[in-house]
Amino acid sequence: MENSTGVLKFPDGFLWGATTSSYQVEGGNTNNDWWQWEQIPGKIADGSRCGLACDHYHLYQSDFDIAKELGHNAHRFSLEWSRIEPRQGKWDEKAIAHYRNVLSALKQRQIAPLVTLFHFTLPVWASKEGGFENPKIVYFFQRFATKVCAELGQNVDYWLTLNEPMVYIYMGYIVKKWPPGRNIRLKIIKVLQNMLRAHAQAYWAIHRTSQNFPDRKNPLVGLTKYIRIFQPYNKSSLLDRASARLKDYFFNHYILDIISTGSMKLLLGLGRALPEIKKTFDFIGLDYYTRELTGFNLSKPSQFFRESNLSREGDVSDSGWEIYPEGIYLSLIKLKKYGVPVIVTENGLADKEDKKRSRFIVDHLIQVHRAMEEGIDVRGYLHWSLMDNFEWQEGFLPRFGLAEVDYTTQKRTLRPSAHIFARICKTNQITPHLLRDTL
């Protein structure tokens, strides 16, 4: 709520923090499909390989000290499946012990963990089995979820099964910039179905297994949904408006509608009932970055949520993404119909010189607060990312971190924006004085 002094206050218990993913920060992940992908020349824009990354696998204690120093009370990270199950059905107890220590380190600092099971990497053995093209992945993922929940669930209140499934499908099966790099558009619905069934089985497995922890409250289980705001390039064009609506439906709503209804609707009105999927989210993780102005070219009709090559309005990040704070408000409004709480699990920008990040954070949080004032149940905001990291096909060039990383020495240096965000985290509010400091 906003009081008479212009202060925007957030609810008590609001989650403040940042996000990482295992492959992008840990280093030494050589047993998954992404490591294999990097070995192919030309797959990474800057020619780099993830390698040691940020060495977070060994430096997590000091990295969490940074998070604590910045006033974070929540942290999202992912479990590296290929470490925990390096061979099919064979569990690495040392890797499980490592993640148990990670959770203990967060607990010691009173930082709530949000744990992601799949953040774009598959064990080599699962990839060789066909990954999400193979219906067996549903069982494999359920088994993995059951194991890690049994071993680690005592200290986890928030689980996220899949990270951005539509992005994974687009990058891996349509534009082929990520593994598996196969153009199998006719099988995309099958891949999506397997992903959703894997999500649902993991959801039920976590809830079942958590019943063995009688002294713990039942965890919340969800998935993250990347929402991109699609708007017509020419608002007066019927075709441009239709293009934006189609992309919005397929990219932003299709998966959530399937989970919400338990029915997989297809283009011609045909569909398949998937009752085990229905209502398998206790909350939704929102990942939001930018919008896209989209048009319809009669000579080259826009394909299924392909990004249109159209100029954007306003300022942009180092990645060329438009900075559009109102988009996070519009994204939250879209999620209202699903009737579950929302946690912003990713929001950030590439900004090596840190000239725009402070204002980016504040402007987006003003829009989050606006949505909450309109009745959206937002429980937290996690910035992407705690530190610079390996940004998939872009390599190490984009700098998203609150902390700058020197990849030669592994030294972390807090950027000025990290301190601006810390003032919000520690006071649970945005003040007019802080707004002035970000101008």
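Residues numbered from 1 in each chain as written. Predicted model: local features only at pLDDT ≥ 70, side-chain atom pairs only at ≥ 80, totals over all residues. Heavy atoms only, no water.

S.K.: Would you explain the nonpolar core in this entry?
M.R.: The tendency in soluble globular proteins is for nonpolar side chains to be buried as a group. Leu79, Leu117, Phe132 and Trp159 are the most contacted members of the largest nonpolar core, which totals 133 residues. The element that contributes the greatest number of residues to this core is helix H9 (residues 188-210), accounting for ten residues. With sequence-adjacent residues up to four places away left out, Leu117 is seen in contact with Leu79, Phe141, Phe144, Ala145, Val148, Trp159, Leu160, Thr161, Ala202 and Ile206. Of all hydrophobic cores here, the second largest spans eight residues; its members include Tyr158, Leu160, Phe283 and Leu382. (Core = buried A, V, L, I, M, F, W, Y, C linked by side-chain atoms within 4.5 Å. Buried < 20%, exposed > 50% of the residue type's maximum accessible area, 1.4 Å probe, protein only. Helix = DSSP H or I, 4+ residues; strand = E, 2+ residues; numbered from the N terminus. Contact = heavy atoms within 4.5 Å.)

S.K.: Even after reading the chapter, I still don't get the state of the cysteines, so can you show me in this structure?
M.R.: Each disulfide consists of one covalent bond between the sulfur atoms belonging to two cysteines. Throughout the structure, instances matching the rule amount to zero disulfides. No disulfide involves Cys425; its sulfur sits 20 Å from the nearest other cysteine sulfur, which is in Cys54. (Disulfide = S-S within 2.5 Å.)

S.K.: Would you mind going over the pairing of strand S12 (residues 403-406) with me for this structure?
M.R.: Strand residues, when the strand is regular, have side chains that alternate between the two faces of the sheet. Here S12 shows a buried face lined by Ala403 and Val405 and an unburied face lined by Glu404 and Asp406. Direction of pairing for S12 relative to strand S13 (residues 411-414): antiparallel, over a ladder of four bridges. Residue pairing across strands places Glu404 opposite Thr413, the latter belonging to S13. Here S12 folds back onto S13, and the loop between the two strands holds four residues, one of which, Gln410, carries a positive phi near 65°. (Pairing = 2+ DSSP bridges.)

S.K.: Mind showing me how you'd approach the environment of Ala202 here?
M.R.: Considering the arrangement of structural elements, one finds Ala202 in helix H9. Relative accessible area serves as the criterion here: at 0%, Ala202 is assigned to the buried category. It is 9.5 Å that separates the C-alpha atoms of Ala202 and Thr280, two residues lying 78 residues apart in sequence.

S.K.: Any chance you could explain the sheet that holds strand S10 (residues 342-346) here in plain terms?
M.R.: Sheet strands line up and pair through hydrogen bonds in the backbone, either parallel or antiparallel. An order of S2-S3-S4-S5-S6-S9-S10-S11 is seen for the eight strands of this closed barrel, with the pairing classed as parallel. Taking each pair of neighbouring strands and ignoring which way they run, the sheet shows an average axis angle of 30°. Where strand S2 (residues 15-19) meets strand S11 (residues 378-384), five bridges bridge the pair, whose relative direction is parallel. Bridged to Trp16 within S11 is Tyr381. Packed on one face of the sheet, H9 meets strand S4 (112-118), strand S5 (158-163) and strand S6 (220-232) and runs near 165° to S5. Sitting on the sheet, helix H12 (residues 357-373) is in contact with S2, strand S9 (283-294), S10 and S11, with an inclination near 165° to S11. (Axes fitted to C-alpha atoms, helices over the stretch in contact; angles between N-to-C directions.)

S.K.: Whenever I open this one, the side chain of Asp388 confuses me. Can you help?
M.R.: With respect to the helices, strands and loops of the structure, Asp388 is situated in the loop between S11 and S12. One polar contact links Asp388 to Arg399, side chain to side chain, over a distance of 2.8 Å. A polar contact of 3.4 Å, which involves the side chain of Asp388, links it to the backbone nitrogen of Phe400. Apart from residues no more than four positions distant in its own chain, Asp388 is found in contact with Cys54, Arg399, Phe400, Gly401, Ala403, Glu404, Val405, Tyr407 and Arg415. (Polar contact = N/O pair within 3.5 Å; in protein donor to acceptor, adjacent residues only side chain to side chain.)

S.K.: What is the right way to look at the packing of aromatic side chains in this model?
M.R.: The description of an aromatic ring pair uses the distance of the two centres, along with the angle that the planes make with each other. Enumeration over the complete set of coordinates arrives at 38 aromatic pairs. With a centroid separation of 5.0 Å and an interplanar angle of 80°, the aromatic rings of Phe10 and Trp16 are classed as edge-to-face. What makes Phe10 buried here is its relative accessible area of 4%. An angle of 85° between the planes, with centres 5.9 Å apart, marks the rings of Phe230 and Phe251 as edge-to-face. One end of the pair, Phe230, is in strand S6; the other, Phe251, is in helix H10 (residues 238-261), and 21 residues separate them in sequence. By the burial criterion, Phe230 is buried, and Phe251 matches it. Here a set of aromatic residues connected by ring pairs shows up, and it is made of Tyr23, Trp34, Phe118, Phe120, Phe132, Tyr168, Tyr173, Trp178, Phe390, Trp392, Phe396 and Tyr407. The positively charged end of Arg291 is found above the aromatic ring belonging to Tyr324, 4.1 Å away from the centroid. (Phe/Tyr/Trp six-rings, centres within 6.5 Å; stacked < 30°, edge-to-face > 60°. Lys NZ or Arg CZ within 6 Å of the ring centre and 35° of its normal.)

S.K.: I tried to follow the pairing of S6 on my own but got confused; where do I start?
M.R.: Most of S6 is tucked away: twelve of the 13 residues are buried. Bridge count between S5 and S6: four bridges; the pairing is parallel. Within S6, the residue paired with Leu160 across the bridge is Gly222. Alignment of S6 against S9, held across ten bridges, turns out to be parallel. Directly across from Ile227, in S9, lies its bridge partner Tyr288.

S.K.: Can you help me understand the pattern of salt bridges in this one?
M.R.: If charged atoms from side chains of opposite charge come close, those side chains can pair. On inspection of all chains with the given rule, the structure shows 25 salt bridges. Glu326 is the partner of Arg370 in a salt bridge, and the nearest nitrogen-oxygen pair spans 3.5 Å. One end of the pair, Arg370, is in helix H12; the other, Glu326, is in helix H11 (residues 326-335), and 44 residues separate them in sequence. With a relative accessible area of 31%, Arg370 lands in the partly exposed category. Three or more residues joined by partner-sharing salt bridges are found here, namely Glu93, Arg100, Lys147 and Glu151. (Salt bridge = Lys/Arg side-chain N within 4 Å of Asp/Glu carboxyl O.)

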